[in-house]
Amino acid sequence: MDKKILELIEEKRFGFLREELKEIRPADVADAFDELDEKNSIILFRLLPKDSAADVFSLLSTQQRKDIVNAIHETQLNEIMDELYFDDKIDFLEEMPANFVKKIVSSSSEEERRLINQFLNYPENSAGSLMTIEYIDLKKEMTVKYALKHIKETGVDKETIYTCYVMDAKRKLEGIISLRKLVLLDEECIIGDVMDKDFIATTTIDDQEEIAT
């Protein structure tokens, strides 16, 4: 598929390419960037539909991302940042110079700004630097019926849905439960009664090598 993209760029059939990109998987589009020079990479990125630009961006190399950041308008960049999974955003910001990070942080919401600063301050090889906050969180007071409704409503924006995390009011982990288990339970069961409380926990500053053993 990336061969077709390259041919359309070479032929300067940009209008047709814009329509074709609506049907091409982000991974295939990202592959095409490896064959393009900086100028044509920028052209291709500008042609991407808004709803797939962030997905493609997250798959590009560090240098390709930097080239795009330096070329696109700040409004478009903020739109991409808004669409990225939070951990993808952190990975990207860790690659960028301080002045760029400051600009992105300043345009973020107060809550996201706090989280970005928190994650960027983790030691390089810590567990906190690897974790994702794109998960499904439940409350132990929920019924299974309500929990499944909550997953349906919020799961589309989450990176991880197959394991759900039961949190208290202070965001402390109280238990975990799999989506598979949830769909097999009676819908009137209470999450606190059926969740798994026997889990291995680690702090965000623990070394990733230590928690893997």
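Quick note: structure is the one above.
Here the structure is a predicted model, which means the values were calculated and not measured.

A. Just the overall build of the chain, in detail. Counting its regular elements, the chain contains 14 helices and 3 strands. Within the chain, counting contacts between residues at least 6 apart in sequence, those at least 24 apart form 61% of the total. For the chain, the accessible surface area stands at approximately 13200 Å², while carbon and sulfur atoms represent 48% of it.

B. Layout of the pattern of salt bridges. Within this structure, the stated rule accounts for 6 salt bridges. The salt bridge partner of Arg25 is Asp28, with a shortest N-O separation of 3.1 Å. The exposed category is assigned to Arg25, whose relative accessible area is 56%.

C. The arrangement of unusual backbone geometry in detail. Here Lys12, not a glycine, exhibits a phi torsion of approximately 60°, which is positive. Mapping Lys12 onto the fold places it in the loop between helix 1 (2-10) and helix 2 (14-20).

D. The environment of Asp31, seen in detail. The residue Asp31 is located in helix 3 (residues 26-33) in this model. Considered as a pair, Asp31 and Leu59 are 28 residues apart in the sequence and their alpha carbons are 8.7 Å apart.

E. The arrangement of the nonpolar core in detail. Residues Ile5, Leu21, Val29, Leu44, Phe45 and Phe57 are the most contacted members of the largest nonpolar core, which totals 40 residues. When sequence neighbours within four positions are dropped, the list of residues in contact with Leu21 reads Ile5, Val29, Leu44, Leu47, Leu48 and Pro49. By size, the runner-up hydrophobic cluster in this structure holds 14 residues, among which are Ile136, Ala147, Val194 and Met195.

F. Representation of the packing of helix 5 (residues 50-59) against helix 6 (residues 62-71) within the structure. Interhelical geometry of helix 5 versus helix 6 gives an angle of 135° and a closest axis separation of 8 Å. When the interaxial angle is binned, helix 5 and helix 6 end up oblique. Contacts between helix 5 and helix 6 involve Phe57, Ser58 and Leu59 from the former and Arg65, Ile68 and Val69 from the latter. A per-class count over the contact of helix 5 with helix 6 returns 4 nonpolar, 1 polar and 1 charged.

G. Summary view of the environment of Asn78. As for its position among the elements, Asn78 is in helix 7 (residues 74-83). Judged by its relative accessible area of 22%, Asn78 falls in the partly exposed class. When the C-alpha positions of Asn78 and Ser108 are compared, they lie 8.9 Å apart, and in sequence the two are 30 residues distant. Among all residues touching Asn78, those that are not within four sequence positions of it are Ile104 and Ser107.

Cut-offs applied
Residues numbered from 1 in each chain as written. Predicted model: local features only at pLDDT ≥ 70, side-chain atom pairs only at ≥ 80, totals over all residues. Heavy atoms only, no water. Helix = DSSP H or I, 4+ residues; strand = E, 2+ residues; numbered from the N terminus. Contact = heavy atoms within 4.5 Å. Areas by Shrake-Rupley, 256 points an atom, 1.4 Å probe, with all protein chains shown as cover. Salt bridge = Lys/Arg side-chain N within 4 Å of Asp/Glu carboxyl O. Buried < 20%, exposed > 50% of the residue type's maximum accessible area, 1.4 Å probe, protein only. Core = buried A, V, L, I, M, F, W, Y, C linked by side-chain atoms within 4.5 Å. Axes fitted to C-alpha atoms, helices over the stretch in contact; angles between N-to-C directions. Parallel < 35°, antiparallel > 145°, perpendicular 65-115°, else oblique. Nonpolar A, V, L, I, M, F, W, Y, C, P; charged D, E, K, R; others polar.

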